[in-house]
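# Residue-level structure breakdown
As a plain string of letters, each chain reads:
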Amino acid sequence: MHSLRKLPKIDLLVAAPELSYLRSALGRSVLTAITRDVVAAARREALEGEEVPELAELVLRVQKAAEKRLKSGLRRVVNATGVLLHTNLGRAPLPAVALENVLRVCAGNSSIELDVETGARCRRGAHAEALLAELVSAEAALIVNNNAAAVLLGLTALAAGREVVVSRGELVEIGGGFRIPDILSRSGAILIEVGTTNRTRVEDYERATGAATALWLRVHPSNFTMDGFVERPRLPELSRAAKARGVPLLEDLGGGLLVPQAAEQLAVGLASEPTVQACLLDGADLVFFSLDKLFGGPQGGAAVGARSLVDRLRADPLARAVRVDKLTLAALEPVLAAYARREYDAIPALRQLRVSIETLKERVQGWRAALGEHGAGAETIEVTSATGGGTLGDGIPSIALAVWTPSPDRFARCLREHAVPIIARIEDGRVLLDARTVLPGEDDAVVAALRAAFEAEGRE
Ligand SMILES: *Cc1c(COP(=O)(O)O)cnc(C)c1O
């Protein structure tokens, strides 16, 4: 017990000269809290019979914990996983034109709700929404904070207290806690399940429809597929039946692939992915989609379709709670303009989908060449990338650098510990770096991290 007195006072530790850069980087109060935790841990250890550490050792421990804290914020990383639109890695990388516009517009005040010409107040997002509606040939568009918010708003505004008919095959969970039945119940709508898990027909919807029916909801199954004895009504037939009964048909599309022309040039994995335009043409009255998935923009959600429905969403009090912010609008407008000009290569997510195998092969060979002798410990192999972002697709052929190593976990950790962390995947006991998801300009970071990981391995 006596030796516990050897533990220094918190203030004394925090004032240690070795910690001065951490005091200024984190602020004194944060460093004090970290120091308290370190000392408390040392006290616990001492009570269990451990030596009480010297002052220098405690300073070192505080330093380590504080360094860890410094690194734990939001950071730039390199996505070498081969999963495009990876939700854990921020989905679509922002186009350069979007970033430039954010800097230009948001460094000061902006005209977000002002018509500069007349000086009158105007509606937030009006410009972007008009552009989006034109792009997809819809009567109207509404942009909110994300797609989950758009769907919740749609169900609340159009169906609270009334019935929503959904196929049992589409009562899915997208991930991140987004489950269709839960969103429906939170909106105040009453879920009417129809059909079975594997088969639902138009008649199932029709039989469940009556005076209390507010709408029919169709949901993109996103990240899961069913094979075998399955049946799902085609959108044109379903929308004909809905129109015959005067019931709006809403489609939660998730992915938000926008342009058919771009789609044609996209990788085979997306051949069956419906575009927003196709859904509207096939008769959906309102289509919901994410702006940071296949659309390739900033986080956001859109509802496009019939003006009468979009207006009801806009008028709901919930719309204010899920409204889009100025950073998003500043990033979004240049992306919409790029779509309008058909400059799909300005959108990194689309570029990543379209890049050829030959180009990917050259990049991976470039990494190996730059690695010199270490390159011998790696192979160029054919792999399959995934679209991610709630779009299953069939997988996209890609090229990866494969590293055989006694400890793939340790090698992958070493890549993550690089100044710009490289996120790889481990498959069949190898560390794989898929070139499709590595952005142009990130090759140097990849090579530097690989070199460090190989050198660390050599020291083991
Ligand atoms: C991704 C997805 C959502 C959620 O979209 P967020 O923009 O992440 O809120 C909703 N529905 C479907 C079908 C999706 O794929």
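The sections below set out a description of the structure shown in this document. (Residues numbered from 1 in each chain as written. Predicted model: local features only at pLDDT ≥ 70, side-chain atom pairs only at ≥ 80, totals over all residues. Heavy atoms only, no water.)

Attention shifts here to helix α18 (residues 408-416). Among all positions of α18, only P408, F411, A412, C414 and L415 are buried. Projected down its long axis, α18 shows its buried positions confined to an angular sector of 155°, all on one face. On its buried side, α18 packs onto β12 (396-404), β13 (422-423), β14 (425-427), β15 (430-434) and α19 (443-459). (Buried < 20%, exposed > 50% of the residue type's maximum accessible area, 1.4 Å probe, protein only. Helix = DSSP H or I, 4+ residues; strand = E, 2+ residues; numbered from the N terminus. Arc of directions from axis to C-beta. Contact = heavy atoms within 4.5 Å.)

Another aspect to go through is the environment of N109. Here N109 lies in the loop between α5 (96-106) and α6 (126-135). Along the sequence, N109 and L55 sit 54 residues apart, while their C-alpha atoms lie 50 Å from each other.

Turning to the site of the ligand, a few remarks are in order. In the vicinity of the ligand, the residues found are R91, N146, N147, A148, I174, F178, H220, S222, D252, G254, S290 and K293. S290 places a polar side-chain atom, nitrogen or oxygen, 2.5 Å from an oxygen atom of the ligand. With respect to the ligand, the side chain of K293 contributes an N or O atom lying 2.8 Å from an oxygen atom. Contact with the protein chains hides 93% of the accessible area of the ligand, taken as 380 Å² for the molecule alone. Looking at the shell around the ligand, the elements with two or more residues in it are α7 (147-159) and β8 (249-254). Classifying every residue of the shell around the ligand gives three nonpolar, six polar and three charged. (Near = heavy atom within 4 Å. Polar contact = N/O pair within 3.5 Å; in protein donor to acceptor, adjacent residues only side chain to side chain. Areas by Shrake-Rupley, 256 points an atom, 1.4 Å probe, with all protein chains shown as cover. Nonpolar A, V, L, I, M, F, W, Y, C, P; charged D, E, K, R; others polar.)

So, about the pattern of salt bridges. If you walk through the whole model with that rule in mind, you get 27 salt bridges. E113 is the salt-bridge partner of R323, the closest N and O atoms lying 3.7 Å from each other. With R323 in the loop between α14 (318-321) and α15 (326-340) and E113 in the loop between α5 and α6, this residue pair connects regions lying 210 residues apart in the sequence. By relative accessible area, R323 is classed as partly exposed at 35%. Between D434 and R425 there is a salt bridge, and its shortest N-O distance comes to 3.7 Å. Of the residues examined, D434 reaches a relative accessible area of 0% and is grouped as buried. Through salt bridges with shared partners, a single network forms among E113, R121, R124 and R323. (Salt bridge = Lys/Arg side-chain N within 4 Å of Asp/Glu carboxyl O.)

Moving on, we come to the sheet that holds strand β10 (residues 301-305). Read from one edge of the open sheet, seven strands run β2-β10-β9-β8-β7-β3-β6, paired in mixed fashion. At either margin of the open sheet sits one strand with a lone partner, and together these are β2 (140-144) and β6 (190-194). Direction aside, the axes of adjacent strands within the sheet are offset by 25° on average. Across five bridges, the pairing between strand β3 (residues 163-167) and β6 is parallel. Its bridge partner lying in β6, V164 is registered against L191. This element, α6, spans β2, β9 (286-290) and β10 of the sheet and lies at about 130° to β2. The sheet strands contacting helix α13 (residues 307-315) are β2, β9 and β10, and the helix crosses β2 at an angle near 30°. (Pairing = 2+ DSSP bridges. Axes fitted to C-alpha atoms, helices over the stretch in contact; angles between N-to-C directions.)

Axis separation between α5 and α15 bottoms out at 8 Å; the angle between their running directions is 135°. Regarding the angle of α5 to α15, the classification is oblique. As for how α5 packs across α15, the hand of that crossing is right-handed. Of the residues in α15, those touching α5 at V97, A98, N101, V102, V105 and C106 are K326, L327, A330, A331, P334 and V335. Of the residues contributing to the contact of α5 with α15, the split by class is ten nonpolar, one polar and one charged. (Parallel < 35°, antiparallel > 145°, perpendicular 65-115°, else oblique. Left-handed = near helix turned anticlockwise from the far one by under 90°.)

Bringing the state of the cysteines into the picture now. Counted according to the given criterion, the structure contains zero disulfides. No disulfide involves C106; its sulfur sits 15 Å from the nearest other cysteine sulfur, which is in C122. (Disulfide = S-S within 2.5 Å.)

Attention now moves to the nonpolar core. Of all hydrophobic cores here, the largest spans 56 residues; its most connected members are F289 and V304. For this core, the element with the most residues is α15, which contributes eight residues. Excluding anything up to four places from it in sequence, V304 contacts L132, V136, A138, A140, A141, V276, L280, D285, L286, V287 and F289. Counting residues in each nonpolar core, the second largest holds 34 residues, with L142, A149, L217 and L286 among its members. (Core = buried A, V, L, I, M, F, W, Y, C linked by side-chain atoms within 4.5 Å.)

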